Amino acid sequence: MMRLFITAIGTDSGKSLVSAIITEALQADYWKPVQSGLPRDTDTVRSLVSNPRSYFHKEAYCLTQPLSPHASADIDGVRITLSHIHLPETNNHLVIEGAGGLLVPLNEQDFVIDLADKFEAEVVLVANLYLGSINHTLLSINELTRRASYQKFSIKGIVFNQSPVAASESIILKHCPFPLLFSVKKEEKIDKEVVSRYASQIKNIFGK
């Protein structure tokens, strides 16, 4: 069974949309270990998935403030620890969505990407394209590659989300050592039909 960890170059890059597409494609389970602020990404992904097989697991931490998890946890009077975050039991593929970008802090020493290491997952990096995103994306690629050399995760590939800028995509891919999995175009609205359409197009990428 596949265990995929969805991270991104930053906040609001499209992790939940990409998570929904992959969850639908694999009819996988979905889990957001750390939720910081509302609305809950679990509810968003659930609203976009059509198949009856996917199960949506409860967060290990559901924090009230839309801040970095370490800051939100401090306001809520809790401390996030990796030892408290346990992989849910399932016999299905599992899509795990991170919080913000890969180096968003969970506490004073641990980052979001350390969850991918703990669960020995395959990482999918989501990149949206905007002025400055080439730098942010290449920095994220370099850090993922560096950590993959000594941490217990592998890298599945990159997804471009909602911003088809050919010049940016080509230069990023020139310096990216892992493959482009798929691209999501800018859609007028995001609903189950759109997610289902992308899911049907990418099933072969994940061996389904």
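Preceding this paragraph is the structure being described.
Residues numbered from 1 in each chain as written. Predicted model: local features only at pLDDT ≥ 70, side-chain atom pairs only at ≥ 80, totals over all residues. Heavy atoms only, no water.

Enquirer: Sorry, what's going on with the pattern of salt bridges here?
Expert: Charged atoms that come close allow side chains of opposite charge to pair. This model, assessed by the stated rule, comprises twelve salt bridges. Salt bridges sharing common partners tie together Arg40, Asp43, Arg46 and Glu59. (Salt bridge = Lys/Arg side-chain N within 4 Å of Asp/Glu carboxyl O.)

Enquirer: When you look at the nonpolar core in this model, what are you seeing that I'm missing?
Expert: Soluble globular proteins tend to bury their nonpolar side chains together. Phe5, Ile80, Ile85, Ile141, Leu144 and Ile158 are the most contacted members of the largest nonpolar core, which has 35 residues in total. Elements with a minimum of two residues in this core: strand 5 (61–63), strand 6 (94–97), helix 4 (113–118), strand 7 (122–128), helix 5 (133–148) and strand 8 (154–161). Residues Ile6, Leu17, Val95 and Phe182 belong to the second largest nonpolar core, which totals 30 residues. (Core = buried A, V, L, I, M, F, W, Y, C linked by side-chain atoms within 4.5 Å. Buried < 20%, exposed > 50% of the residue type's maximum accessible area, 1.4 Å probe, protein only. Helix = DSSP H or I, 4+ residues; strand = E, 2+ residues; numbered from the N terminus.)

Enquirer: Hey, could you run me through helix 5 in this one?
Expert: With 16 residues, helix 5 ought to run about 22 Å at 1.5 Å a step, and its terminal C-alpha atoms sit 22 Å apart, in line with that. Where helix 5 is concerned, the buried positions are Ser133, Thr137, Leu138, Ser140, Ile141, Glu143, Leu144 and Arg147. Looking at the buried side of helix 5, the elements it contacts are helix 4, strand 7, strand 8 and helix 6 (166–174). (Expected span 1.5 Å × (residues − 1). Contact = heavy atoms within 4.5 Å.)

Enquirer: In this structure, what is going on with the packing of aromatic side chains? I would like to understand it.
Expert: Given two aromatic rings, their pairing is described by the distance between the two centres and the angle made by the two planes. Per the counting criterion, the structure on display carries two aromatic pairs. With a centroid separation of 6.0 Å and an interplanar angle of 50°, the aromatic rings of Tyr30 and Phe56 are classed as tilted. On the criterion of sequence distance, the pair formed by Tyr30 in strand 2 (residues 29–31) and Phe56 in strand 4 (residues 56–57) is long-range, its members being 26 residues apart. As far as burial versus exposure is concerned, Tyr30 and Phe56 are alike and both buried. (Phe/Tyr/Trp six-rings, centres within 6.5 Å; stacked < 30°, edge-to-face > 60°.)

Enquirer: Teacher, can you tell me more about the sheet that holds strand 4 here?
Expert: Think of a sheet as strands paired side by side through backbone hydrogen bonds, with each pair either parallel or antiparallel. What the seven strands build is an open sheet, ordered 4-2-6-1-7-8-9; its pairing is parallel. Each edge of the open sheet carries a strand with a single partner, namely strand 4 and strand 9 (180–184). Sheet contacts for helix 1 (residues 15–26): strand 1 (3–8), strand 2, strand 6, strand 7, strand 8 and strand 9; angle to strand 1, the most-contacted strand, approximately 160°. (Pairing = 2+ DSSP bridges. Axes fitted to C-alpha atoms, helices over the stretch in contact; angles between N-to-C directions.)

Enquirer: Looking at this model, I keep getting lost on the environment of Leu63. Mind explaining?
Expert: Residue position: Leu63 is located in strand 5. Residue classification places Leu63 among the buried residues on the basis of a relative accessible area of 4%. Contacts of Leu63, omitting those with residues within four sequence positions, involve Val34, Gln35, Ser36, Gly37, Pro69, Ser72, Ala73, Asp76, Val78 and Ile80.

Enquirer: Which parts of the structure should I look at to understand the side chain of Thr137?
Expert: On the secondary structure map, Thr137 appears in helix 5. Residue classification places Thr137 among the buried residues on the basis of a relative accessible area of 0%. Each residue touching Thr137, except ones within four places of it in the same chain, is listed here: Ile9, Ala127, Ile158 and Ile172.

Enquirer: Explain the pairing of strand 1 to me, please; I cannot follow it from the model alone.
Expert: A regular strand carries its side chains on alternate faces of the sheet. Counting buried positions over the six residues of strand 1 gives five, a clear majority of the element. Where strand 1 and strand 6 come together, four bridges link them in parallel fashion. From the neighbouring strand, Leu4 faces strand 6, where its bridge partner is Val95. Where strand 1 meets strand 7, five bridges bridge the pair, whose relative direction is parallel. In the sheet register, Ile6 faces strand 7, and the bridge partner there is Val124.

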